[in-house]
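In case you want the letters, here they are:
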Amino acid sequence: MHKRGIPLLLCALAVVFSSCSLNKVAVNLVANTLSSGDSTVFTGEEDPQLVADALPFALKLYESLLEQTPENEQLLLTTGSIFTMYANAFVQTPASMLPESEYERQQQMFLRAKKLYLRGRRYLLRAMELRYPGFGELLEAGDLEQALAPTVSEDVPLLFWLSASWLGAFSTDTFDMELLLNLAKPIAVLNRALELDQAWSDGMIHDTLISIYGSLPQAMGGSQEKARYHFEKAVEYSGGLSPSAYVALASTVSVANQDVEEFRQLLAQALAIDPEDNPDNRLQILLSREKARWLLDHIEDFFLIDLEEEPFEEPSEEEDQL
């Protein structure tokens, strides 16, 4: 019995190890499929609320897969980027639209957005560390040139989302001294992405730089000239089909200059963009148009104007077609 039992035990162990291997292969297959980046299931959606309801489940699914495949770089990128997108589109932006009477709720939502941004950043930093061992240590030490020098064009999505998550966290809490004192790091990461591929994702990097240069004070690197330069580039690379560039310039530079006419003109251009002209990016267009409409509806919060002036009227569908 003893001699017969040994082969049986070996066979049993072979089956167990084979099952584990198959399980890992299956998990990696699912993870790679979900994080391929080719699908427009979310980005092409016409119902933003449907995406808002679906993303929390998707994020927990990705985190569950990462427990099984912690070194899957593509899944780390997807998970980190979606945490960043969710924090921005469905937590921070709605919070910024709340009235003053809901101040406490607004602050709670900002805190939640900050935590989501930082959670996303952790996944993105892990992905960068896997690609470039020692990256995190160099970044922590402030040796940005050495940390970023080995990066190549294939790293641009990871560099962009790492910077976006970091900057997003700061934008929710500008009094966080740690984030403030390290602000140069995500900006350097973003500029490296710009150097490698400034046309990436229809000029999305330029979109972000509009907000950075348009909102920061000059003493911290802000520059209206640079903001306008990146606005022109964003419009160029998107073919004029992304309203976010118009919203970014209006809500920063136009407000800072108290230029109400430019503010209205830019937001009118944002609202005139038809989501069906760029169906793969339909969700982002709808969300940007919603922000543009809200800004116009609350124009008195940003400008000292006579409220009896003729209000802005959004073009009708017939006028848009003309």
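Cut-offs and rules
Residues numbered from 1 in each chain as written. Predicted model: local features only at pLDDT ≥ 70, side-chain atom pairs only at ≥ 80, totals over all residues. Heavy atoms only, no water. Axes fitted to C-alpha atoms, helices over the stretch in contact; angles between N-to-C directions. Helix = DSSP H or I, 4+ residues; strand = E, 2+ residues; numbered from the N terminus. Parallel < 35°, antiparallel > 145°, perpendicular 65-115°, else oblique. Contact = heavy atoms within 4.5 Å. Nonpolar A, V, L, I, M, F, W, Y, C, P; charged D, E, K, R; others polar. Phe/Tyr/Trp six-rings, centres within 6.5 Å; stacked < 30°, edge-to-face > 60°. Buried < 20%, exposed > 50% of the residue type's maximum accessible area, 1.4 Å probe, protein only. Patch = residues over 30% accessible without salt bridge, like charges linked within 9 Å, V, L, I, M, F, W, Y side chains within 5 Å. Areas by Shrake-Rupley, 256 points an atom, 1.4 Å probe, with all protein chains shown as cover. Salt bridge = Lys/Arg side-chain N within 4 Å of Asp/Glu carboxyl O. Lys, Arg positive; Asp, Glu negative; His and termini not counted. Charge placed at Lys NZ, Arg CZ, Asp CG, Glu CD. Expected span 1.5 Å × (residues − 1). Arc of directions from axis to C-beta.

Enquirer: How should I be thinking about the packing of helix α12 (residues 244-256) against helix α13 (residues 260-271) in this particular structure?
Expert: Helix packing for two helices is described by the angle between their axes and how far apart those axes are. Here α12 crosses α13 at 170 degrees, and the two axes come no closer than 8 Å. Between α12 and α13, the angle is such that the two are roughly antiparallel. Here α12 contributes Tyr 246, Val 247, Leu 249, Ala 250, Ser 254 and Val 255 to the contact with α13, which in turn contributes Glu 262, Phe 263, Leu 266, Leu 267, Gln 269 and Ala 270. A per-class count over the contact of α12 with α13 returns nine nonpolar, two polar and one charged.

Enquirer: Looking at this model, I keep getting lost on the packing of aromatic side chains. Mind explaining?
Expert: How two aromatic rings sit relative to each other is given by the distance of their centres and the angle of their planes. Scanning all chains against the criterion turns up eight aromatic pairs. Between the aromatic rings of Tyr 86 and Phe 90, the centroid separation amounts to 5.9 Å while the plane-to-plane angle is 45 degrees, which identifies the pairing as tilted. Of this pair, Tyr 86 and Phe 90 both sit in helix α3 (residues 73-96), separated by four residues, roughly a single helical turn. Of the two residues, Tyr 86 and Phe 90, neither departs from the other in class, the shared state being buried. Within the aromatic cluster, the residues linked to one another by ring pairs are Phe 263, Trp 294, Phe 302 and Phe 303.

Enquirer: Help me understand a negative patch on the surface in this model?
Expert: A surface patch of like charges, here negative, comprises Glu 100, Asp 297, Glu 300 and Asp 301. You can see Glu 100 is positioned in the loop between α3 and α4 (103-131).

Enquirer: It is not clear to me how the pattern of salt bridges should be interpreted in this structure. Could you clarify?
Expert: Two side chains bearing opposite charge may form a pair once their charged atoms approach each other closely. Tallying each qualifying case throughout the model produces 12 salt bridges. Measuring nitrogen to oxygen at the nearest pair gives 2.8 Å for the salt bridge that ties Glu 63 to Lys 60. You can see Glu 63 and its partner Lys 60 sitting in helix α2 (residues 48-68), three residues apart, about one turn around the helix. Two residues, Arg 119 and Glu 63, come together in a salt bridge whose shortest N-O distance is 2.8 Å. Linking Arg 119 in helix α4 with Glu 63 in helix α2, this pair joins segments that are 56 residues apart in sequence. The class of Glu 63 is buried, set by a relative accessible area of 10%. If you follow the salt bridges from partner to partner, you end up with Lys 60, Glu 63 and Arg 119 in one network.

Enquirer: Is there a simple way to think about the environment of Gln 265 in this case?
Expert: Along the polypeptide, Gln 265 turns up in helix α13. Sequence-wise, Gln 265 and Tyr 246 are 19 residues apart; in three dimensions their C-alpha atoms are separated by 9.1 Å.

Enquirer: Where do I start with the environment of Val 91 in this structure?
Expert: With respect to the helices and strands, the residue Val 91 is situated in helix α3. Here the alpha-carbon distance between Val 91 and Met 109, two residues 18 residues apart in the chain, equals 6.2 Å. Not counting residues up to four positions away in its chain, the partners in contact with Val 91 are Tyr 86, Met 109, Arg 112, Ala 113 and Leu 116.

Enquirer: For this particular structure, what's the right way to read helix α11 (residues 224-238)?
Expert: One full turn of an α-helix is made of 3.6 residues, so residues set three or four places apart face in the same direction. Helix length check: α11, at 15 residues, gives a terminal C-alpha distance of 21 Å against a target of 21 Å (1.5 Å per residue), a fit within 8%. Listed as buried for α11 are Ala 227, His 230, Phe 231, Ala 234, Val 235 and Ser 238. Looking straight down α11, one finds its buried side chains confined to an arc of 140 degrees; they lie on one side. Looking at α11, the residues exposed on the side facing more than 90 degrees away from the buried face are Glu 225 and Glu 232. Against α9 (184-196), α10 (200-215), α12 and α13 lie the buried residues of α11. Phi turns positive one or two residues past the end of α11, at Gly 239, with a value near 65 degrees.

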